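An overview of the molecular structure
In case you want the letters, here they are:
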Amino acid sequence: MDIGIDLGGHKIAGGIVDGGGIVDRVKIPTPESRYPKDTTDALESAVRELGIDGVRSVGIGLPGMLSRDRRSVIGLTNLPLWENYPLADVLEERLSLPVYLENDANCAALGEMRSGQGAGLSDFVMLTLGTGIGGAIVSGGRLLLGHRGLAGELGHMALLHRKPCKCGGMGHGETLFSADRFDERCLETGVASVPKLWSLREDHLHRGFWEEALEALACIVVSSIHALDPQAVILSGGLSNLPGLVAELSPLVDLRLANPFRPGPPILISSLGGDGPIIGAASLGRTP
Ligand SMILES: [Zn+2]
């Protein structure tokens, strides 16, 4: 048995994972300050609430960048003051258990590989469609980390526009396809919710907006396919549940694919949802 924890800006969700499934769960709010000390305390209490008897390791998925050796946090999106914080060492000392860290989109990919749509695949691309677009690449059966450990940021793939991105760059895909942008559009146009806005995508008022958003996502998918030649592209996150998303996306992807890549790999929706990152985090101690 291993414990997997998914740290988010609003909640800490975790579970005891045995045989690739979650056998016990915990969910607590992320401390309001989101500071390292308070959040570390909360992570420790989440683990203790699950109980550590018979547990072999603890894995934590974090929304941001980690050191190449995965012992420290370099910086977290939307959580302040986490720069160069040695979370793995701090928690190991408190829990007397091996603690492993990984980026949350990478954890989602590991979860899919363990018990979801990625089972049996050696090469796939994962896109988590939420506040932004998280990305992860499994190549040759392993997570692709890159020289500094930052690889897989597919949401920040550059497209032919100049909108500033929250990451400090500009022209990135997630500036056009993200819950933040869709929420903004709802406010501007007086639409009650993102699913409602999506249901109005054929309406002349919203058609152009959604065409632009879907084309941005299609460009990310196509460039990922050309760069990595995956067996599948797996989508997860809240926006992956917009009804009919794959049906809208697939023709836009097909239009852009180079001939040798046709027919393109299947675009699949995660079968694990929010459990994916927890299952993946719990597998970190077992991942070669
Ligand atoms: Zn960006």
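So, here's what we can say about the structure.

As a further point, take the overall build of the chain. Within the chain, the regular secondary structure consists of eight helices and 12 strands. Against the 2.2 N^0.38 benchmark of 19 Å for 288 residues, the chain shows a C-alpha radius of gyration of 19 Å, consistent with a compact globule. Counting only C-alpha atoms, the chain reaches 60 × 40 × 35 Å along its principal axes. When each of the 288 residues of the chain is scored for burial, the buried share is 51%. For the chain, the proportion of contacts with a sequence separation of at least 24, taken over those separated by at least 6, is 62%. Entry remark: accessible area of the chain is about 13000 Å², with carbon and sulfur atoms responsible for 53%. Mean positive and mean negative side-chain charge positions of the chain (25 and 34 charges, respectively) differ by 3 Å.

Next up on the list: the sheet that holds strand β3 (residues 21-29). As summarised here, the arrangement of the five strands in space is β3-β2-β1-β4-β7, forming an open sheet in which the pairing is mixed. Of all strands in the sheet, those with a lone pairing partner are β3 and β7 (99-103), marking the two edges. When strand polarity is set aside, the average angle formed by the axes of neighbouring strands in this sheet is 20°. Of the strand pairs in this sheet, strand β4 (residues 58-62) and β7 are connected by five bridges, and their pairing is parallel. Bridging across to β7, I60 finds its partner in L101.

Where a metal carries four tetrahedral donors, each ideal angle is 109.5 degrees; where it carries six octahedral donors, the ideal angles are 90 or 180 degrees. For the zinc ion, the full set of protein donor atoms is H156 (ND1), C165 (SG), C167 (SG) and H172 (ND1), and the range of their distances to it is 1.9 to 2.3 Å. Geometry at the zinc ion is tetrahedral, judged from its four donor atoms and the angles of 98 to 116° they form at the metal. Taken in sequence order, the residues that donate to the zinc ion follow the motif H-x8-C-x1-C-x4-H. Placement of H156 in the loop between β10 (142-143) and α4 (179-189) and of C167 in the loop between β10 and α4 is noted, with a sequence separation of 11 residues between them. On the basis of relative accessible area, H156 is assigned to the partly exposed category, the value being 21%.

Here we have five strands laid out as an open sheet, ordered β10-β9-β8-β11-β12, and mixed in their pairing. For this open sheet the edge positions go to β10 and β12 (267-269), each flanked by a neighbour on one side alone. One ladder, built from two bridges, connects strand β9 (residues 133-139) with β10; its direction is antiparallel. Counterpart to V138 in the pairing with β10 is L143. On the sheet, helix α3 (residues 104-115) packs against β8 (124-129), β9, β10 and β11 (232-236) and is oriented at approximately 125° with respect to β8.

In contact at an axis separation of 11 Å, helix α1 (residues 36-50) and helix α2 (residues 87-95) are set at 45° when each is read in the N-to-C sense. Taken together, α1 and α2 sit at an angle that is classed as oblique. Crossing of α1 against α2: the hand is right-handed. Here α1 contributes T40, D41, L43, E44, V47 and R48 to the contact with α2, which in turn contributes L87, V90, L91, R94 and L95. Looking at side-chain class alone, the contact of α1 with α2 contains six nonpolar, one polar and four charged residues.

Cut-off values and rules
- Residues numbered from 1 in each chain as written.
- Predicted model: local features only at pLDDT ≥ 70, side-chain atom pairs only at ≥ 80, totals over all residues.
- Heavy atoms only, no water.
- Helix = DSSP H or I, 4+ residues; strand = E, 2+ residues; numbered from the N terminus.
- Rg over C-alpha atoms; globule rule 2.2 N^0.38 Å.
- Buried < 20%, exposed > 50% of the residue type's maximum accessible area, 1.4 Å probe, protein only.
- Contact = heavy atoms within 4.5 Å.
- Areas by Shrake-Rupley, 256 points an atom, 1.4 Å probe, with all protein chains shown as cover.
- Lys, Arg positive; Asp, Glu negative; His and termini not counted.
- Charge placed at Lys NZ, Arg CZ, Asp CG, Glu CD.
- Pairing = 2+ DSSP bridges.
- Axes fitted to C-alpha atoms, helices over the stretch in contact; angles between N-to-C directions.
- Donors = N, O, S within 2.8 Å, 3.2 Å for Na, K, Ca; no water.
- Tetrahedral: all angles 85-135°; square planar, octahedral: opposite > 155°, others 65-115°.
- Parallel < 35°, antiparallel > 145°, perpendicular 65-115°, else oblique.
- Left-handed = near helix turned anticlockwise from the far one by under 90°.
- Nonpolar A, V, L, I, M, F, W, Y, C, P; charged D, E, K, R; others polar.

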